[in-house]
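Spelled out, the chains give:
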Amino acid sequence: MSERDPLRREEEAPQAPEPYTPATPVKRAMAWIGLVYMVILVGLSTYFYFTGTGLYNLAPLLAVPGLAGLGAVSLLSWRTTGRPGKGAALLLAALCWGAALYSLPLGVAGLLSNFGG
């Protein structure tokens, strides 16, 4: 009688591999938003390590990718699932993109205030 390893799974009948299912457009948009934030965080930490000083007044600038991404996600969600509804999706996208356009110059001014004399 052979001993069985309790951690080893029993051999199962070979199954066909599951077909490839690409990510939804909403998941891809969220991944791009995360990628942008990771690039920003790497840039901020690299700046700190090379200069020994931090960058301040960046809150409006750091909100821009999230606001732009939320507007895109609302439209993509409406196009793929039909929710939150056409009017609500368009309104949310317009509000988010308007807020992003409003905070972009504020964030650039805050970023430049770190380098002023």
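Now for a description of the structure that goes with this document. Computed from a predicted structure; not experimentally measured.

## Topic: the packing of aromatic side chains
Within the structure shown, the criterion is met by 2 aromatic pairs. Plain terms: the ring middles of Tyr 47 and Phe 115 are 6.1 Å apart, the flat faces sit at 80 degrees to each other, and that makes the pair edge-to-face. In this pair, Tyr 47 is assigned in helix 1 (residues 25–51) and Phe 115 in the segment after helix 3 (86–112), connecting sequence segments 68 residues apart. Taking relative accessible area as the criterion, Phe 115 reaches 48% and is therefore assigned partly exposed.

## What about helix 2 (residues 59–81)?
Helix length check: helix 2, at 23 residues, gives a terminal C-alpha distance of 32 Å against a target of 33 Å (1.5 Å per residue), a fit within 8%. Inspection of helix 2 places Val 64, Pro 65, Gly 69, Gly 71, Val 73 and Ser 74 among the buried residues, and these make up the whole buried set. Turning to helix 2, the residues buried within the fold contact helix 1 and helix 3. Positioned one or two residues after helix 2, Gly 82 has a phi angle of 85 degrees, which is positive.

## Focus: the environment of Ala 94
In this structure, Ala 94 sits in helix 3. Exposure remark for Ala 94: the relative accessible area of 47% places this residue in the partly exposed category. Residues Ala 94 and Ala 68 lie 26 residues apart in sequence; the distance between their C-alpha atoms is 9.6 Å.

Conventions we followed
The residue count restarts for each chain, going from 1 along the sequence in the order it is written. Since the coordinates come from a predicted model, pLDDT governs what is reported: local features require at least 70, and pairs of side-chain atoms require 80 or more to be given and counted, while whole-chain, interface and lining totals use all residues. Water and hydrogen atoms play no part in the side-chain values, which are based on all heavy atoms of the structure. Note on ring pairs: Phe, Tyr and Trp rings are taken, using the six-membered ring of Trp, and paired if centres are within 6.5 Å. Classes follow the plane angle, with under 30 degrees stacked, over 60 edge-to-face and the rest tilted. Numbering of helices and strands starts at the N terminus; helices are DSSP runs of H or I of at least 4 residues and strands are runs of E of at least 2. A 1.4 Å probe rolled over the protein chains alone gives each residue an accessible area, and that area as a share of the maximum for its type sets the label: buried under 20%, exposed over 50%, partly exposed in between. One less than the number of residues in a helix, times 1.5 Å, gives the span that helix is expected to have. When checking whether two residues touch, look at their non-hydrogen atoms; a contact exists if any pair is within 4.5 Å.

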